[in-house]
Amino acid sequence: MDIGKMYINGEWVTSGDTRDVICPADGSVAGCVCEGTAADVDAAVNAAAKAFPAWSALPVTERAACLLRIADKIEALAGEFARIDTLDNGKPLRDSLGDAYDSAACFRYYAGLIDKPSGGTYLVPDPNTQAMVIREPIGVCGLIAPWNYPLMMAAWKIAPCIAAGNCAVFKPSSLTPLSTVRLFELFDGLGLPPGVANLVMGAGATVGRAIAEHPGIDKVVFTGGTDTGREIMRAAAGNMKGVGLELGGKSPCIVFDDYDLETAVDWALFAIFCNQGEVCSAGSRLILQDTIYEPFLKRLAARAQAIKVARGDAEGAEMGPLVSEAHMNTVLNHIETAKREGARLLCGGHRLTEGEFGKGYFVAPTIFADCSPDMAIVREEVFGPVLAVQKFSAVEEAVALANGTVYGLAGGVFSNDITRALRVVKALRAGITWVNAYHPTFAQAPWGGYKQSGIGRELGTFGLEEYTEIKQININLAPGPAGWFAAGNAS
């Protein structure tokens, strides 16, 4: 079996240890990759620091051309990338294919953005001073990605980072590194200078920590769990490096009784069961108006039980396995806790083990009704196909329930009264919101949350600015002495 190598300073390198990558659909070995060390991180940081002066000074048209070549190649190989992500992540092939096209679009978007107006001038009281602000690249950035969208999360981080003129040290998840290795193979053949983008694989406790602590890294950007985000913040304090964190969520989906029930059910299913619920912004709390509560739940449960759960490469698969056995067990523990605490189980609530499910990590689509704010299923992120349903009567109650969480990543509102919907959305303490929809994501729009859902934003112009420093420049248009001190005779 070929071993996926690390990519440092334009060369493919190995380390002493390797890690098997497991296919969650059947527990088989999907691949094998090198397991990096802190020394590998150090080598990658040194390579990035060496490459930074030339890359940051390169005309933006040349940087853009490089990103466009990458985008074109990802798009041309979208089917291959999709098969890789489905193999080691488990998600349905149709989802992985969409991720590949979105990844290409991300590189293309930032290629087109970096030659647009940036910075600006401003007026000051002194008419003899011309003042301006420019944006400059930060330097060396450590990028740490999660396992739920392996290729797309790599694109979300690497594209704006290098587009802005920085150099990157990238760590994919240990569970799903295979598409990232393939992506760096594209970099190797498309003219990206050595050291601009470096790939170091390994466990978070070693490679991730080394990236967060390294004094040669100027900013660390991480997507993942909130607890890990706290550890990264503490580690980054050593050299006061910048931090960008996209963390957990427990996002609400509010449905009013004036909205078409069948359409709302369809969106509620998509909000929670898309990507097996392994989505930071998943609509994992459904908040229903009391006048439609029982009819809605009946239809929701019937539709959920009809979802085709299968291995991701099976024909017509709508929901695949969870990413690993350990994560599956975590989700199952959340389910058992909800049962003990008195939530009403409408459907699912168990592992699927019969027939083709026997060797994989499959959990049935699960819905709990009659959930109260004190239940763990309402408070804690499950990151799986598990929905908690709550009931409200008045608008103010819906908003209070929606905001009753330490997270603030996303939220959706469904109502035909667009004025009411907008009032509710504006009242939500969340960074990403939808009205009469859930989940649509665009490279042009900022992604990130309030409260314990993170710091900073990805995507859009905001995402590019996250990879820049702001410099103030003041030009004296009337050169001459400052005249601050009285003139004196020199001795």
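Quantities reported herein were computed from a predicted structural model and do not represent experimental measurements.

### Description of the state of the cysteines
In the structure shown here, the tally under the stated rule is zero disulfides. Cys23 forms no disulfide, and the closest cysteine sulfur to it belongs to Cys32, at a distance of 15 Å. Taking the relative accessible area as the measure of exposure, Cys23 reaches 2% and is therefore buried.

### Considering helix α4 (residues 93–113)
With 21 residues, α4 should reach 30 Å at 1.5 Å per residue; the first-to-last C-alpha distance of 30 Å fits that figure. Taken as a whole, α4 has its buried residues at Asp95, Ser96, Asp99, Ala100, Ser103, Ala104, Cys106, Phe107, Tyr109, Tyr110, Ala111 and Leu113.

### Some details on the nonpolar core
Phe107, Tyr110, Ile158, Leu286 and Phe296 are the most contacted members of the largest nonpolar core, which totals 135 residues. The next biggest cluster of nonpolar side chains, apart from the first, holds 17 residues, and it includes Leu322, Ala343, Ile377 and Ala388.

### Let's talk about the sheet that holds strand β5 (residues 29–35)
Taking strand neighbours across the sheet as the criterion, the three strands line up as β1-β5-β4 in an open arrangement whose pairing is mixed. Since the sheet does not close on itself, it has two edges, and those belong to β1 (3–4) and β4 (17–22), each with one partner. Here β1 runs beside β5; their pairing, made up of two bridges, is parallel. Residue pairing for β5: Gly4 is matched across the bridge by Val33.

### Points about the sheet that holds strand β14 (residues 285–289)
As summarised here, the arrangement of the seven strands in space is β15-β18-β19-β14-β13-β21-β22, forming an open sheet in which the pairing is mixed. Edge positions in the open sheet fall to β15 (344–347) and β22 (432–435), since each of these has one partner strand only. On average, each strand axis in the sheet is inclined to that of its neighbour by 20 degrees, with strand direction left out of account. Examined bridge by bridge, strand β13 (residues 252–255) and strand β21 (residues 410–414) share three bridges and lie parallel to one another. Residue pairing across strands places Val255 opposite Phe414, the latter belonging to β21. Packing of helix α9 (residues 261–273) onto the sheet brings it into contact with β13, β14, β18 (366–369), β19 (386–392) and β21, and relative to β19 it is tilted by some 135 degrees.

### A few points about unusual backbone geometry
Despite not being glycine, Asp370 shows a phi value in the positive range, around 55 degrees. Tracing the chain through its elements places Asp370 in the loop between β18 and α12 (376–379). Residue Asn436 is not a glycine yet carries a positive backbone phi of 60 degrees. Mapped onto the elements, Asn436 comes out in the loop between β22 and β23 (450–451).

### Describing the packing of helix α3 (residues 78–89) against α4
In a pair of packed helices, the angle between the axes and the distance between the axes together describe the arrangement. Running from amino to carboxyl end, α3 crosses α4 at an angle of 130 degrees, the nearest separation of the two axes being 8 Å. Compared by their axis directions, α3 and α4 come out oblique. Relative to α4, α3 is oriented so that their crossing is right-handed. Of the residues in α4, those touching α3 at Ala78, Gly79, Phe81, Ala82, Arg83, Asp85 and Thr86 are Leu93, Ser96, Leu97, Ala100 and Tyr101. Tallied by class, the residues present in the contact of α3 with α4 amount to seven nonpolar, three polar and two charged.

### Some details on α9
Taking 1.5 Å per residue, 13 residues should reach 18 Å; α9 reaches 18 Å between its end C-alpha atoms and fits that length. Within α9 the residues assigned to the buried category are Ala264, Val265, Ala268, Leu269, Ala271, Ile272 and Phe273. Looking straight down α9, one finds that the buried residues subtend no more than 160 degrees of arc, so they occupy a single side. Backbone geometry just after α9 places Asn275 at a positive phi near 55 degrees.

### Comments concerning the packing of aromatic side chains
A complete count under the given rule lists 14 aromatic pairs for this structure. Between the aromatic rings of Trp434 and Tyr438, the centroid separation amounts to 4.5 Å while the plane-to-plane angle is 40 degrees, which identifies the pairing as tilted. Ring-pair connections join several aromatic residues into one group, and the members of that group are Tyr7, Trp12, Phe107, Phe170, Phe184 and Phe187. For the cation-ring pair, Lys219 lies above Tyr467, with the distance from its terminal atom to the ring centre recorded as 5.9 Å. The cationic tip of Arg420 hangs over the ring face of Phe256; the distance from NZ or CZ to the ring centre is 4.0 Å.

### Some thoughts on the environment of Gly244
In this structure, Gly244 sits in strand β12 (residues 242–246). Of the residues examined, Gly244 reaches a relative accessible area of 6% and is grouped as buried. Sequence-wise, Gly244 and Ala57 are 187 residues apart; in three dimensions their C-alpha atoms are separated by 24 Å. Each residue touching Gly244, except ones within four places of it in the same chain, is listed here: Lys219, Val220, Val221, Phe222 and Ile455.

### Description of the packing of helix α7 (residues 204–213) against helix α8 (residues 226–236)
It is the contact of α7 with α8, at a shortest axis distance of 7 Å, that shows an interaxial angle of 45 degrees. Taken together, the axis directions place α7 and α8 in an arrangement best described as oblique. Along the contact surface, α7 presents Arg209, Ala212 and Glu213, while α8 presents Glu231, Ile232, Ala235 and Ala236. Residue composition of the contact of α7 with α8, grouped by class: four nonpolar, no polar and three charged.

### Quick word on the side chain of Asp99
Within the secondary structure, Asp99 is located in helix α4. Once residues lying within four places of it in the same chain are set aside, the contact partners of Asp99 are Lys91, Tyr149 and Met152.

### Structural notes on the environment of Gly408
With respect to the helices and strands, Gly408 occurs in strand β20 (residues 407–408). In this structure Gly408 comes out as buried when scored by relative accessible area, which is 4%.

### Considerations on the pattern of salt bridges
Considering all chains together, one arrives at 24 salt bridges under this definition. Two residues, Asp95 and Arg94, come together in a salt bridge whose shortest N-O distance is 3.6 Å. Taking relative accessible area as the criterion, Asp95 reaches 16% and is therefore assigned buried. A relative accessible area of 55% places Arg94 in the exposed class. A salt bridge links Arg299 to Glu262, with the shortest nitrogen-to-oxygen separation between them at 2.9 Å. Of this pair, Arg299 sits in helix α10 (residues 293–305) while Glu262 sits in helix α9, and the two are 37 residues apart along the sequence. What makes Arg299 partly exposed here is its relative accessible area of 33%. Among the ionic contacts, a cluster of salt bridges with common partners joins Glu262, Asp266, Arg299 and Arg303.

Thresholds applied
- Residues numbered from 1 in each chain as written.
- Predicted model: local features only at pLDDT ≥ 70, side-chain atom pairs only at ≥ 80, totals over all residues.
- Heavy atoms only, no water.
- Disulfide = S-S within 2.5 Å.
- Buried < 20%, exposed > 50% of the residue type's maximum accessible area, 1.4 Å probe, protein only.
- Helix = DSSP H or I, 4+ residues; strand = E, 2+ residues; numbered from the N terminus.
- Expected span 1.5 Å × (residues − 1).
- Core = buried A, V, L, I, M, F, W, Y, C linked by side-chain atoms within 4.5 Å.
- Pairing = 2+ DSSP bridges.
- Axes fitted to C-alpha atoms, helices over the stretch in contact; angles between N-to-C directions.
- Contact = heavy atoms within 4.5 Å.
- Parallel < 35°, antiparallel > 145°, perpendicular 65-115°, else oblique.
- Left-handed = near helix turned anticlockwise from the far one by under 90°.
- Nonpolar A, V, L, I, M, F, W, Y, C, P; charged D, E, K, R; others polar.
- Arc of directions from axis to C-beta.
- Phe/Tyr/Trp six-rings, centres within 6.5 Å; stacked < 30°, edge-to-face > 60°.
- Lys NZ or Arg CZ within 6 Å of the ring centre and 35° of its normal.
- Salt bridge = Lys/Arg side-chain N within 4 Å of Asp/Glu carboxyl O.

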